Every structure is written in C-alpha cells, then in structure tokens.
Amino acid sequence: MVVMPVVDQEKCNGCELCINVCPCRALVLVKNVITVIETKDCGWCIQCEVICPSGAITCPYEIVIEETH
Amino acid sequence: MAIEVEFLKSIPYFSGLSLTELDAIKQFVFEKTAERGELILLEGESAGVFFFVASGAVKVFKTSAEGKEQILNIVRPGESFNEVPIFDDGTNPSSAQAMGPVVLYGVRKDSLQSILRDYPQIALNIIKVLAEQVRQLVSLVEDLSFRHVIGRVAKILLEYTGDETALRPRLTQQEMAAMAGTAREVVGRSLKALEEEGVLRFDRHRIVITDKKALQKMVEASL
C-alpha cells in the first residue's frame, strides 16, 4: 500500500484545482468529489494541499528519528 | 475559445456591470493558455498586461540572486495578478508561473484605460481588489519579519516524533503552522532550512530527523 494524500470528501467542492496541479495524475473526479489513485509516482509535493481552497486535501507527515547504530 | 461573459461577471473587477456592458468589455480581453511550469511573466520585464485566472492556478514569486524563491501569492480562478505595472508604468514586480494547465484572461494597459474611461464605476472595484492584495502582502511581511519560527518548528518535530511503541501522530505543514502561530509557507521554509543544515531529511511522507541533538539545541536557543 502506498501512503497517499488524504481527501475529506465532505469538504471537497469538486473544483478540480488539485487535478490541475498534481504532477503524477493521482487525483480524479468521481461523482463530483476528488478520489485518490495510489501511485508510487506521488513525491509528496503537497501542491494539492496548498491549492485546495476548501482544505479538503491534507498531506500529513510522519515524523521519525533515524536509527543510528 | 471565446471569452465568457459569465466569467467576467463573476470577478470582483467587473462587479455591478450589466451583461450588455460586460459584452462590450469582452473585446478588450484576450485569452492566453499556459502549461504546467510555463513562465507567464518575468520579474523586471515590461509586459504591460495583467491577467485574470479563468481556470487553474498561478504562482506569483520573486527569485533572489542565489536562486531562492519566495512565493508571494497563489492566484486562483477569479483572482488577478500583475496590476502594478499597469498603474505605475514600471516593470513586472514579480514573476508568474503556471502551476498546472491554466487559462488566463489578459487585459493590456491601453485596454484597461479604455474600459475605465467608458465604465468609471469599476475604479472602486479595482481599488478594493488592490487593497485586498496590499492586505495580503502586509500579512506576509509580518510573518517574514517578526516570526522566527525555526525553534518552534524544531520543538514541534521533537514533540511529535513517534517511537516503536507509541502511535505516531501525523502532521501537515498547515497543522505545524497553526501550532507555531505562523503561516504554512514559513513552516515550509523552516523545514527546508533544517534539511539544508542536515538536521532532517524528507523521505516522501516522512520527516526523518537525522540529528536529534542539533534539533534539541535549536529548541533551547529559541527559549
């Protein structure tokens, strides 16, 4: 499973701006709401989150400490 | 593609004008398209034109001599950019680049003068739009001038670091910004600075802290 940006479909207004800016075409409009397609091409550029006018897309980071041996 | 009067009606510039008046204004507006990454305007050049975004999004930014980029605004449909040289006869104050495929409606300086001569009532609309832009820029200056957030961002990173036993909470840059009391852009720049200092690295959806001690020192220094 590839971790992908999260879409809150309740908040999505179907404006398609995220589709417009996504460089890997991981976002599609299905029945007027954005749906995410899993792809390893997603580089977590967070452009979809930045552009979303309704705050429906989030790209959360997991914060980890590098194991040192 | 023809300029859509309905779109013109929806933008603040032409608020209050009738469809007949907008139909007459249409002749002064031209359409321009741009692909992802295409530069629409270059800082320092004389374009003599400003644009409304009809669809897509445009990044307005400045570039330093070292190539560092500072985003001033992201312009969405219905909003406009590059009015300044239209009114002060100067060069473009910043560059503009398409963030994806965009459709723009452009208005040249002489065309705007004609529109203003025929429909002077839109002058107040324009002042209001420019005032909103000034307010947005003032807010950005405030963030960039007074908020030294790197220590606060470092603290958030340490607080939200997961370990093998605990559930790792995930945070967006927006959430970190809300915690640090600043703008998302400032958090983005702080994270980038920490990456350049070798304190952390980005691994797609992970922020990997590579030098925890350095991060702790930054937190202590900011107190």
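Since this is a predicted model, take the numbers as computed values, not measurements.

What counts as what
- Once a new chain begins, its residue numbering starts again from 1 and follows that chain's sequence as written.
- Working convention: letters from A go to chains and numbers from 1 go to ligands, in the order in which they are written.
- The predicted origin of the model limits local features to residues at a pLDDT of at least 70 and limits the giving and counting of side-chain atom pairs to 80 or more, whereas totals for whole chains, interfaces and linings rest on all residues.
- Here the side-chain values reflect all heavy atoms present in the structure, with hydrogen atoms and water set aside.
- Between N-to-C directions, angles span 0 to 180 degrees; the directions come from axes that are lines fitted to C-alpha atoms, helices contributing only their stretch in contact.
- The helix and strand labels rest on DSSP assignments: H or I over at least four residues marks a helix, E over at least two residues marks a strand, and numbering proceeds from the N terminus.
- In these notes the angle categories are as follows: under 35 degrees is roughly parallel, over 145 is roughly antiparallel, 65 to 115 is roughly perpendicular, and the rest is oblique.
- Contacts are assigned to residue pairs that have any heavy atoms within 4.5 Å of one another.
- Under the convention adopted here, Pro, Cys and the residues Ala, Val, Leu, Ile, Met, Phe, Trp and Tyr are nonpolar, Asp, Glu, Lys and Arg are charged, and Gly plus all remaining residues are polar.
- Here the quantity called buried area is the accessible surface, traced with a 1.4 Å probe, that two parts lose on coming together, added over both.
- Counted as salt bridges are all cases of a side-chain nitrogen of Lys or Arg within 4 Å of a carboxyl oxygen of Asp or Glu.
- Two strands are said to pair when DSSP picks up at least two bridges between them.

Enquirer: Help me understand the packing of helix α7 (residues 173–180) of chain B against helix α8 (residues 184–196) of chain B, please; the structure alone is not making it clear to me.
Expert: Between two packed helices, the angle of one axis relative to the other and the distance separating the axes together describe the packing. All names here are of chain B. Their axes nearest at 8 Å, the elements α7 and α8 cross at an angle of 100°. On the basis of their axis angle, the class for α7 and α8 is roughly perpendicular. Of α8, the residues touching α7 (which contributes Gln173, Gln174, Met176 and Ala177) are Arg184, Val187, Gly188 and Leu191. Of the residues in the contact of α7 with α8, the class split is four nonpolar, three polar and one charged.

Enquirer: Explain the interface of chain A and chain B here, please?
Expert: Many structure descriptions define interface size as the accessible area lost when the parts assemble. Counting residues at the interface gives 29 residues for chain A, matched by 33 residues for chain B. For the chain A and chain B pair, buried surface summed over both sides reaches about 2,800 Å², with 57% attributable to carbon and sulfur atoms. The largest contributions to the chain A side of the interface with chain B come from Tyr61(A), Glu62(A) and Ile63(A), which together make up 30% of the buried area. Across the chain A-chain B interface, the total number found is two salt bridges.

Enquirer: Help me understand the sheet that holds strand β10 (residues 200–203) of chain B, please; the structure alone is not making it clear to me.
Expert: Where strands meet in a sheet, backbone hydrogen bonds hold them as pairs that are either parallel or antiparallel. The four strands lie next to each other as β9(B)-β5(A)-β11(B)-β10(B), forming an open sheet whose pairing is mixed. Two strands close off the open sheet at either side, each with one partner strand: β9 (170–171) and β10 of chain B. Relative to strand β11 (residues 206–209) of chain B, strand β5 (residues 61–65) of chain A runs parallel, the two sharing four bridges. By the bridge assignment for β11(B), Glu62(A) is matched with Arg206(B).

Enquirer: Hey, could you run me through the pairing of strand β5 (residues 69–75) of chain B in this one?
Expert: Every other side chain in a regular strand lies on the same face of the sheet, so the side chains alternate between the two faces. Residue and element names in this part refer to chain B. As defined by bridge partners, strand β4 (residues 58–63) adjoins β5 across six bridges and the pair is classed as antiparallel. The residue of β5 that forms the bridge with Val58 is Val75. Linking two consecutive strands that pair antiparallel, namely β4 and β5, is a turn of five residues; a positive phi of about 90° is found at Gly67 within it.

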